[in-house]
Amino acid sequence: CDSRTLVMAVLVSVWGSRLTWNFSRRGGYTWPKVWEGDEDYRWKYLQEGFLLDILKHKPVWTIFNLGFIAVYQNLLLFWIVAPSVVAHVVATD
């Protein structure tokens with residue numbers, strides 16, 4: 001492991017720790033229920049049609065959730081991780 005890959009791993013770990021702490025602080029790790037915390041306030045604005053009036057309709061909201069959460073966010077995570085994979089491959093060659 002070269003120093004650049006190590007720095008990337010440390011930064012990702014620090015960021016992940018911050019996200020985990022924030023999730024826990026908002027009630028994300030309650031037992032036996034899975035979630036007792038508050039939903040992100042921004043979702044309420046979207047669902048009420050603050051950004052787009054069409055999001056008020058349940059089928060459109062479901063498609064938006066599928067496209068934004070399942071597809072877009074996974075692609076975004078892939079694009080975030082890709083530079084560290086390239087750095088690791090270049091360092092091992």
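These figures come from a predicted structure and were not determined experimentally.

### Remarks on the packing of aromatic side chains
Then comes step 1: Within this structure, the stated rule accounts for 8 aromatic pairs.
Then comes step 2: Look at Tyr45 and Phe50: their rings are 5.6 Å apart centre to centre, the planes differ by 50°, and that puts the pair in the tilted class.
Then comes step 3: Tyr45 sits in the partly exposed class, given a relative accessible area of 43%.
Then comes step 4: Relative to Phe64, the ring of Trp61 lies with its centre 5.5 Å away and its plane at 35°, an arrangement referred to as tilted. Here Trp61 and its partner Phe64 are both found in helix H3 (residues 58–92), 3 residues apart, which amounts to about one turn of the helix.
Then comes step 5: With relative accessibility at 24%, the residue Phe64 sits in the partly exposed group.
Then comes step 6: Following the ring pairs from residue to residue traces out a cluster consisting of Trp43, Trp61, Phe64, Phe68 and Tyr72.
Then comes step 7: One cation-aromatic arrangement involves Arg18 over Trp15; the distance from NZ or CZ to the ring centre is 4.3 Å.

Reading the values: rules and limits
Here, residues in each chain are numbered from 1, in the same order as that chain's written sequence. Predicted model: local features are reported for residues with pLDDT of at least 70 only, side-chain atom pairs are reported and counted for 80 or more only, and whole-chain, interface and lining totals are derived from all residues. Note: side-chain values were computed over all heavy atoms of the structure, leaving out hydrogens and water. In this analysis, rings of Phe, Tyr and Trp, with Trp reduced to its six-membered ring, are considered paired at centre separations within 6.5 Å, and the interplanar angle assigns stacked below 30 degrees, edge-to-face beyond 60, and tilted for intermediate values. For every residue, the accessible area (1.4 Å probe, protein chains only) is compared with the maximum for its type, and the residue is labelled buried under 20%, exposed over 50%, or partly exposed between those bounds. The helix count covers DSSP runs of H or I at least four residues long, the strand count covers runs of E at least two residues long, and both are numbered beginning at the N terminus. Cation placement over rings: the criterion is NZ of Lys or CZ of Arg within 6 Å of the ring centroid and within 35° of the ring normal.

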